[in-house]
Amino acid sequence: MLTAVQATRRSLGYFRSVSNYGINSGHQQANVVILPNHLAKDFEEFCRRNLAPLPLLYHSRSGETSCTPLARNADIRTDISQYHVYEEGCLVKTVSSLQSYFAQPSAAGAASQQQPAPQDPWSDMVCFYLGCSFGFEDHLRKAGVPVRNVEQGTNVSMYRTAVRCVPAGVFSCLLVVTMRPVPAAMLDAAVEVTHLNPLAHGAPVHIGDPALLGIHNLSTPDYGEPVQLLPGDVPVFWACGVTAIEAILCSSQRGIRALFVQDELLLSCLTLSHANSVAITTGFPTHHMQSPPDETDGPPGAIAMATMLLSLGKQVTMVMDRRALEMNQAIIDEAVSTGVLKNAIPIVTFEESSPDSALHFLCHHGDPKKPRYDHLVAIERSGRAEDGNYYNMRGVNVKHLVDPIDNLFLAAKDIPGISTTGIGDGGNELGMGGLRDKVRTMMPNGGLIACDVPADYAITAGVSNWGGYAVACGLYLLHTCPSHQRYRLRGLAAEQTTPQEQLQDWTANLPSVDKEESILSTLVRFGIRSGKTGNLAMEVDGLTFHPTHSDIITRLLDVTLGRNTLNP
């Protein structure tokens, strides 16, 4: 059975694939979205504020399986042939019955003994029935307006626009629209017919040039299939219920946008550019029932930063949990042997044996005037909460698997010359303490899991590895900037152009798709799993390396090397 925490942290969305669009002739077709109760109020308000894409036909009570005002003898758990299941913003599986789905443990792991499962997980779920544009296609045909997607035997084309919906609570996203080609002579008829169907999105929201909506290529829809315009056709756009999927995905990105702080990446990179010796720590044992318990987010980003720092002539040390020392040493050794890492990196552990252990670790002979490191970086590292425990995003305490490396960050605050950076994607990571108030209010389980230990700079990203890649790219950009080099050297060295050989070395040590794929492959061979799903596969936080992570890396490199402009 699902734990209460697991049940309230998943979003179920279903959008039916229709091969015969006339099947619902005479009836109103609906999209169905099923959400945990704590999101229901915000989603209902989001629908009220965005009536065109999200015409709300019916809103169930918690645990209600029927929808009497819409259909007799219905059971939403079994009446639909296929359901898409999303957990924390990722599509994790497709099931044919929600009864069977709720009877199984979460994809992210079995229920913890610390958190007994509720008797009826479905009792926390709320169903939203939303009008669908397929409901007006029969009316268009009766009015003599051709429906090209039906004629061509394809699904309708759906596009993510640049138009932002009116936000409500945790829900905010871009409007999604459908496009149907309509002969120019029949535009008035199409508008009139659909205007009379407000529960199927109503009249079009745009007619003509798709670029005005931010759509640049009609041949590559974001959802559905391309529909060809015939001679004399004009593209007509209606608001689309798939907007609900976008809203759910955005809200399920663990609220990371709400934690973003402007310029933290820049300030961290500027400080790191002046450092001579950097200590990097990572490791989040989120899969406490597995061996090893670690996840694939964190180590790749840590190695990417270390690779660039080494290339820039910095000294780098890794600080790891003692339980994972041997495994991490083997991972580093393989990274060197495969050419991912330029040189081997020393790995050390920290265990507190006395009140001044952190001071002696950070400074030679425990002298605050003689720091051993200039900068500490934590990336996807378990962070201590206010109650002294360490929690994963599910609210499970993993303190028994974590060494007190947080104390190094606390001690560094009182040592002149040592600065700190935390990189995270959920608010429970080391260094996110400065954002704890936002984490408590904006993140699932935030009041429990929020890290209480701050860093000087808190870098947030959709996936922590991406933050590590961005730091590596930022350091490259700074070191190839003549103005920054003069600033870094205080104008005391003769100004000179970076030697081509050195520039080539820095470029070669940027993150790359091949290197990051190699590192991830190594982690998987060591039994390290994806954070969100627990899958032992080429994925990080439930997102497969191809195309998601590879695309992020490619786009970062394109911007860093000036190859093109980063598109949203």
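Residues numbered from 1 in each chain as written. Predicted model: local features only at pLDDT ≥ 70, side-chain atom pairs only at ≥ 80, totals over all residues. Heavy atoms only, no water.

**Quick notes on the overall build of the protein**
A count of helices and strands for the protein gives 20 helices and 19 strands. By residue count, 55% of the 568 residues in the protein fall in the buried class. Summing over all exposed atoms, the protein offers an accessible surface of approximately 23900 Å²; the carbon and sulfur share of this is 52%. (Helix = DSSP H or I, 4+ residues; strand = E, 2+ residues; numbered from the N terminus. Buried < 20%, exposed > 50% of the residue type's maximum accessible area, 1.4 Å probe, protein only. Areas by Shrake-Rupley, 256 points an atom, 1.4 Å probe, with all protein chains shown as cover.)

**Details of the sheet that holds strand β11 (residues 233–239)**
Strand order in the open sheet formed by five strands is β9-β11-β8-β7-β10, with antiparallel pairing between adjacent strands. Sheet topology places β9 (206–207) and β10 (223–224) at the edges, where each strand pairs with a single neighbour. Of the strand pairs in this sheet, strand β8 (residues 174–183) and β11 are connected by seven bridges, and their pairing is antiparallel. From the neighbouring strand, Arg-180 faces β11, where its bridge partner is Val-236. The strands that helix α6 (residues 187–195) touches are β8, β9 and β11; relative to β11, the one it contacts most, it runs at about 15°. (Pairing = 2+ DSSP bridges. Contact = heavy atoms within 4.5 Å. Axes fitted to C-alpha atoms, helices over the stretch in contact; angles between N-to-C directions.)

**So, the packing of helix α4 (residues 134–142) against α6**
The contact between α4 and α6 brings their axes to 9 Å, and the two run at 135°. Classified by the angle their axes make, α4 and α6 are oblique. As for the relative orientation of α4 and α6, their crossing is right-handed in sense. Between α4 and α6, the contacting residues are Phe-136, His-139 and Leu-140 on the first element and Ala-190, Val-193 and Thr-194 on the second. Taken together, the residues of the contact of α4 with α6 break down into four nonpolar, two polar and no charged. (Parallel < 35°, antiparallel > 145°, perpendicular 65-115°, else oblique. Left-handed = near helix turned anticlockwise from the far one by under 90°. Nonpolar A, V, L, I, M, F, W, Y, C, P; charged D, E, K, R; others polar.)

**Observations regarding the state of the cysteines**
Note on terminology: disulfide describes a covalent bond linking the sulfur atoms of two cysteines. As enumerated under the stated definition, the model contains zero disulfides in all. The thiol of Cys-473 is not disulfide-bonded; the next cysteine sulfur, from Cys-269, is found 9.1 Å away. Overall, the relative accessible area of 4% leaves Cys-473 in the buried class. (Disulfide = S-S within 2.5 Å.)

**Some points on the side chain of Glu-246**
Position of Glu-246 among the secondary structure elements: in helix α7 (residues 243–251). For Glu-246, a relative accessible area of 8% corresponds to the buried category. Among the polar contacts made by the side chain of Glu-246, one reaches the side chain of Tyr-223 at a distance of 2.4 Å. If sequence neighbours within four positions are ignored, Glu-246 has contacts with Arg-160, Cys-173, Leu-174, Val-176 and Tyr-223. (Polar contact = N/O pair within 3.5 Å; in protein donor to acceptor, adjacent residues only side chain to side chain.)

**Here's the deal with helix α16 (residues 464–479)**
Spanning 16 residues, α16 covers 23 Å between terminal C-alpha atoms, matching the ideal 22 Å at 1.5 Å per step. Here α16 lies mainly inside the structure; 15 of its 16 residues are buried. (Expected span 1.5 Å × (residues − 1).)

**As for the pairing of β8**
The element β8 is largely enclosed, with a buried count of nine among its 10 residues. Direction of pairing for strand β7 (residues 157–164) relative to β8: antiparallel, over a ladder of five bridges. Considered in β8, the bridge of Tyr-159 is made with Val-177.

**Details of the pattern of salt bridges**
Pairing of side chains with opposite charge becomes possible as their charged atoms draw close. Taken as a whole and assessed by the stated rule, the structure comprises 22 salt bridges. Lys-142 is paired through a salt bridge with Asp-138; the nearest N and O atoms lie 3.3 Å apart. Of the two residues, Lys-142 and Asp-138 both sit in helix α4, four residues apart, roughly one turn of that helix. Since its relative accessible area comes to 68%, Lys-142 is described here as exposed. Residue Asp-321 is joined to Arg-323 by a salt bridge in which the shortest nitrogen-to-oxygen separation is 3.6 Å. Relative accessible area serves as the criterion here: at 34%, Arg-323 is assigned to the partly exposed category. By sharing partners, the salt bridges in this structure join Glu-386, Arg-436, Asp-437, Arg-440 and Asp-452 into a single network. (Salt bridge = Lys/Arg side-chain N within 4 Å of Asp/Glu carboxyl O.)

**Notes on the confidence of the model for the protein**
Of the residues in the protein, 88% have a pLDDT of 70 or more, and the chain-wide mean is 87. A low-confidence stretch, residues 1–25 (pLDDT under 50), is modelled with 89 contacts involving residues beyond four sequence positions or located in other chains. Low confidence marks residues 105–118, where pLDDT is under 50. Its contacts with residues over four positions away, or in another chain, come to 37 contacts. (pLDDT = per-residue confidence, 0-100.)

**Side note on unusual backbone geometry**
In this structure, the amide linkage connecting Ser-291 to the following residue, Pro-292, adopts the cis form with an omega of 0°. Looking at the element boundaries, Pro-292 is found in the loop between β12 (277–283) and α10 (299–311). Non-glycine residue His-201 carries a positive phi angle of around 85°. Positive phi, close to 60°, is recorded for His-365, a residue that is not glycine. With respect to the helices, strands and loops of the structure, His-365 is situated in the loop between α12 (357–362) and β15 (375–381).

**Points about the sheet that holds β15**
What the six strands build is an open sheet, ordered β14-β13-β12-β15-β16-β17; its pairing is parallel. Of all strands in the sheet, those with a lone pairing partner are β14 (347–348) and β17 (457–460), marking the two edges. Note: β12 against strand β13 (residues 315–319), five bridges, orientation parallel. For Ala-279, the partnering residue across the bridge sits in β13 and is Thr-317. Packed onto the sheet, helix α9 (residues 264–274) meets β12, β15, β16 (419–424) and β17 and runs at close to 125° relative to β17. Packing against the sheet, α10 makes contact with β12, β13, β15 and β16, and its axis sits at approximately 165° to β12.

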